[in-house]
Amino acid sequence: MKSEKSKKKAKAHKSEKDKKSARKADIAAQASVEIPLMVRDSPQRVYDAYIMNLSGTLFNGDLLMPGVDKVLAALDVMRRPVVFMSSDSHTSPDSYQTLLANFGMDVDLDQIFTPVRVVNEYLSYNFPDAHVMAIGDSEFLAHMAKGGIALTDDPQLTDVVVVAHDREFSFTKLNLAYQAIVGPKKAKLVVTSMVRTWLTADGSSEPGTRAIVRAIQSATGAQIYCNLGAPERPFLDCVFRYLDSEPHKTLVVSDSLSTDIRMARGYGVPTALVLTGEGSIVQAELAAPKDQPNFVVNSVVDVVPHYIVDQL
């Protein structure tokens, strides 16, 4: 159990950080009006910071995208911070750090944002003493426990039910979540994503986290208390608590229109869609203007002006 002092400290920290994030978002929303959309060229400026999606943007499977090393080296020389994000709840920050090291990239753990990191920070700020029932794979649960979250399988003790993608989701897990949510404590439902499908390693698709969440909602009638995943705000709230940059001076680089690009646009962050993953130029053209990227480029090598990369 955390002391009263630690709870007050967490609450004060949360309030201060939330106000800071809100101010950043308000400034960004005003600034983003002037940024053009669907520019089929590299940004002609260097941003103060970069948020880059991992799979589909920096690499596909076990293949690193050409030029990634040069772009990251150029940003490092210019002292532009870069952080990396993924909506994959199956892979922990530690695992991504190892994967990137295998590609020859030296990345600090603090630079990597995944659902388990966002969940842990959200729960620490908002439910510091909560008992949490988590639905997800073993690596996800292990990193929640590593982050100091008090996990439980007892519905009578559960304050929050967290739902991530879980390929071993079962009636037993559904019933435990049901008992926690309809039971005396009326546990709140927090989810890491509402993605309908996931792409698998072989290029096929499978049901996403939404299917699990809908099953729980169908049984309980519960509303989602908080969706921590893109395109909602909490994911970028977490990133900007770490990243010392204003949203409108930061560039989000991703292959995902419906989640990452949409999330960033809603937050007032400029965006670059790379055509190396799931997003296409046709999809971008058909998207509502509020969800369209500011830039559309062939790959991550195009997110920094070429003349700068070539000089370094």
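Right above here is the structure, for reference.
Residues numbered from 1 in each chain as written. Predicted model: local features only at pLDDT ≥ 70, side-chain atom pairs only at ≥ 80, totals over all residues. Heavy atoms only, no water.

Undergrad: Help me out: how do you make sense of the packing of helix α8 (residues 234–242) against helix α9 (residues 257–267) in this one?
TA: It is at 10 Å that the axes of α8 and α9 come closest, and there the two elements cross at 70 degrees. The angle between the axes of α8 and α9 places the two elements in the roughly perpendicular class. The handedness of the crossing between α8 and α9 comes out as right-handed. The segment α8 lies against α9, with Phe235, Leu236, Asp237 and Phe240 engaging Met263, Ala264 and Tyr267. (Axes fitted to C-alpha atoms, helices over the stretch in contact; angles between N-to-C directions. Helix = DSSP H or I, 4+ residues; strand = E, 2+ residues; numbered from the N terminus. Parallel < 35°, antiparallel > 145°, perpendicular 65-115°, else oblique. Left-handed = near helix turned anticlockwise from the far one by under 90°. Contact = heavy atoms within 4.5 Å.)

Undergrad: How should I be thinking about the side chain of Asn53 in this particular structure?
TA: Here Asn53 shows up in strand β1 (residues 49–53). Reaching out from Asn53, the side chain makes a polar contact with the backbone oxygen of Ser55 at a distance of 3.1 Å. Here the side chain of Asn53 touches Asp255 through a polar contact of 2.9 Å, side chain to side chain. Residues contacting Asn53, with those up to four places away along its chain left out, are Leu58, Met85, Ser86, Val253, Ser254, Asp255 and Asp260. (Polar contact = N/O pair within 3.5 Å; in protein donor to acceptor, adjacent residues only side chain to side chain.)

Undergrad: When you look at unusual backbone geometry in this model, what are you seeing that I'm missing?
TA: Glycine aside, the phi torsion of most residues is negative, and most peptide linkages are trans. Following Ala230, the chain continues into Pro231 via a peptide bond in cis, with omega recorded as 10 degrees. You will see that Met38, though not glycine, has its phi angle at about 55 degrees, which is positive. Summarising the element assignment, Met38 is placed in the loop between α1 (4–32) and β1. The backbone of Arg79 sits at a positive phi, close to 55 degrees, despite the residue not being glycine. Structurally, Arg79 can be placed in the loop between α2 (68–77) and β4 (82–85).

Undergrad: Would you take a moment to explain α9 for this structure?
TA: Working note: α-helix, 3.6 residues per turn, so residues spaced by three or four point in the same direction. Within α9, eight of the eleven residues are buried, which leaves the element mostly enclosed by the surrounding structure. Regarding α9, the residues found buried are Leu257, Thr259, Asp260, Ile261, Met263, Ala264, Arg265 and Tyr267. Just beyond α9, the residue with positive phi is Gly268, at close to 85 degrees. (Buried < 20%, exposed > 50% of the residue type's maximum accessible area, 1.4 Å probe, protein only.)

Undergrad: Even after reading the chapter, I still don't get the sheet that holds strand β6 (residues 131–135), so can you show me in this structure?
TA: Sheet strands line up and pair through hydrogen bonds in the backbone, either parallel or antiparallel. In space, the five strands of this open sheet follow the order β7-β6-β8-β9-β12, with parallel pairing throughout. In this open sheet, the two edge strands, each paired with only one partner strand, are β7 (150–151) and β12 (224–227). When β6 meets strand β8 (residues 160–163), the two strands line up parallel, connected through four bridges. Of the residues in β8, the one forming a bridge with Val132 is Val160. Taken strand by strand, helix α6 (residues 171–182) contacts β6, β8 and β9 (188–191), and its axis lies near 150 degrees from that of β6. (Pairing = 2+ DSSP bridges.)

Undergrad: I keep staring at the environment of Ser254 and nothing clicks. Help me out?
TA: Turning to its location among the elements, Ser254 is positioned in strand β13 (residues 250–254). Distance in space between the C-alpha atoms of Ser254 and Met52 is 6.2 Å, their sequence separation being 202 residues. For Ser254, the contacting residues outside a window of four places in its chain are Asn53, Thr57, Asp260, Ile261, Ala272, Leu273 and Val274. A polar atom in the side chain of Ser254 sits 3.0 Å from the backbone nitrogen of Ser256. Separated by 2.7 Å, the side chains of Ser254 and Asp260 make a polar contact.

Undergrad: For this particular structure, what's the right way to read the sheet that holds β13?
TA: Strand order in the open sheet formed by six strands is β5-β4-β1-β13-β14-β15, with parallel pairing between adjacent strands. Every other strand in the sheet has two partners, leaving β5 (112–113) and β15 (295–297) as the edge strands with one partner each. Strand direction decides the pairing type here: strand β14 (residues 271–274) and β15, joined by three bridges, are parallel. The residue of β15 that forms the bridge with Leu273 is Val296. Strands β1, β4, β13 and β14 of the sheet are contacted by α9, whose axis makes an angle of about 165 degrees with β14.

Undergrad: Just checking my understanding: could you explain helix α4 (residues 115–126) for this structure?
TA: Taking 1.5 Å per residue as the helical rise, α4 with its twelve residues ought to reach 16 Å, and the 16 Å between its terminal C-alpha atoms agrees with that figure. Most of α4 is tucked away: ten of the twelve residues are buried. Within α4, the full set of buried residues consists of Pro115, Val116, Arg117, Val118, Val119, Asn120, Glu121, Tyr122, Leu123 and Tyr125. (Expected span 1.5 Å × (residues − 1).)

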